[in-house]
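# Chains, contacts and geometry: an overview
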Amino acid sequence: MQIEPTGRIVHVKGINIDRIIDGRIIEHWGEADTIGMLMQMGVDPFAGRLNTSMRSP
């Protein structure tokens, strides 16, 4: 996905989870709200996707 620079400031929420044993991080998981970031930039992250939940039987 090519996105032109907007010059806008965006705020991205996320979460980090660490598994700690004996004071050391042995596993790390992280997730960011990429869809929210794209929407703040004026990008439709769902453009071109077929909404299959609206199909008639």
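So, how was this worked out
Residues numbered from 1 in each chain as written. Predicted model: local features only at pLDDT ≥ 70, side-chain atom pairs only at ≥ 80, totals over all residues. Heavy atoms only, no water. Helix = DSSP H or I, 4+ residues; strand = E, 2+ residues; numbered from the N terminus. Buried < 20%, exposed > 50% of the residue type's maximum accessible area, 1.4 Å probe, protein only. Contact = heavy atoms within 4.5 Å. Salt bridge = Lys/Arg side-chain N within 4 Å of Asp/Glu carboxyl O. Pairing = 2+ DSSP bridges.

### Comments concerning the environment of K13
Positionally, K13 belongs in the segment before β1 (14-21). Since its relative accessible area comes to 68%, K13 is described here as exposed. With 21 residues separating them along the chain, K13 and T34 place their C-alpha atoms 8.6 Å apart. The residues contacting K13, other than those within four sequence positions of it, are E31, A32 and D33.

### So, the pattern of salt bridges
Overall, the coordinates contain one salt bridge when judged by the stated rule. Across the pair R19 and E27 runs a salt bridge, and its minimum N-O distance is 2.5 Å. Given the relative accessible area of 39%, R19 is considered partly exposed. The exposure class assigned to E27 is partly exposed, which follows from its relative accessible area of 29%.

### Observations concerning unusual backbone geometry
The backbone of D22 shows a phi angle near 55 degrees, a positive value even though the residue is not glycine. Counting through the fold element by element, D22 comes out in the loop between β1 and β2 (24-32). The class for D22 is exposed, based on a relative accessible area of 76%.

### Structural notes on the pairing of β2
Of the pairings in the sheet, the one linking β1 to β2 comprises eight bridges and is antiparallel in character. Residue pairing for β2: R19 is matched across the bridge by E27. Here β1 folds back onto β2 in antiparallel fashion, the turn holding two residues, of which D22 has a positive phi close to 55 degrees.

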